[in-house]
Amino acid sequence: MKVAVYPGSFDPITYGHLDIIERGAKVFDKIIVAVLVNSSKKPLFSVEERKALISQATAHLPMVEVDSFDGLLVDYLHKRQANVILRGLRAISDFEYELQLASTNRQLRPEAETFFLMTSNQHSFISSGMVKEVAKHGADVKELVPNHVAMALAKKFGRE
């Protein structure tokens, strides 16, 4: 069974993330969307809220599992018996950072392979940070995130 781990903060999940998950599901037997617990960041949504938003967004994909982890990704891969890291690339500016991550992960766990998918053009400009900023100012984000995520953002920013 080909298992890939798609790690990230997903604060919140966007259509760009969903694009990578859906396309990855055509390649892998199972995708574990792994929410990174990073104590140095101040996320808008809790880990449990992010997992719930991702689960709802991927409910149509039975091969997707949602989980969370802290620590090194390579340790999580070992724990989950996976050797593939799924990552999305939006623009050339992502490449240098992603190359450093992939090289470091490979150094720490030589059997780990990183599988890159280019985000579809219509989603290449979307980032979670940009979505939060736009939502904070009351703009409509329904073209950027699934409806349930847009509603959760509106609630967070007191715009129910």
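In this text the structure is predicted, and so the values were computed from the model without any measurement.

Q: I tried to follow the UniProt feature "site: Transition state stabilizer" (unreviewed entry) in the protein on my own but got confused; where do I start?
A: Mapped onto this numbering, the UniProt entry annotates "site: Transition state stabilizer" (unreviewed entry) at His 17. Within the element layout of this structure, His 17 appears in helix H1 (residues 15-24). A residue is classified by how much of its surface remains accessible, and His 17, at 17% relative accessible area, is buried. Excluding its chain neighbours within four sequence positions, the residues that come into contact with His 17 are Tyr 6, Phe 10, Pro 12 and Ser 128. Side-chain polar atoms of His 17 contact the backbone nitrogen of Thr 14, separated by 3.0 Å.

Q: Which parts of the structure should I look at to understand unusual backbone geometry?
A: Glycine aside, residues mostly have negative phi angles, and peptide bonds mostly take the trans form. With an omega of 5°, the peptide bond running from Asp 11 to Pro 12 counts as cis. Checked against the element boundaries, Pro 12 lands in the loop between strand E1 (3-8) and H1. Of note, Phe 10 is a non-glycine position whose phi angle comes to about 50°, a positive value. Structurally, the position occupied by Phe 10 is in the loop between E1 and H1. Phi is positive for Gln 81, close to 55°, though the residue is something other than glycine. Within the fold, Gln 81 resides in the loop between helix H3 (73-80) and strand E4 (84-89).

Calculation rules
- Residues numbered from 1 in each chain as written.
- Predicted model: local features only at pLDDT ≥ 70, side-chain atom pairs only at ≥ 80, totals over all residues.
- Heavy atoms only, no water.
- UniProt positions renumbered as here; feature names shortened; annotations may be inferred.
- Helix = DSSP H or I, 4+ residues; strand = E, 2+ residues; numbered from the N terminus.
- Buried < 20%, exposed > 50% of the residue type's maximum accessible area, 1.4 Å probe, protein only.
- Contact = heavy atoms within 4.5 Å.
- Polar contact = N/O pair within 3.5 Å; in protein donor to acceptor, adjacent residues only side chain to side chain.

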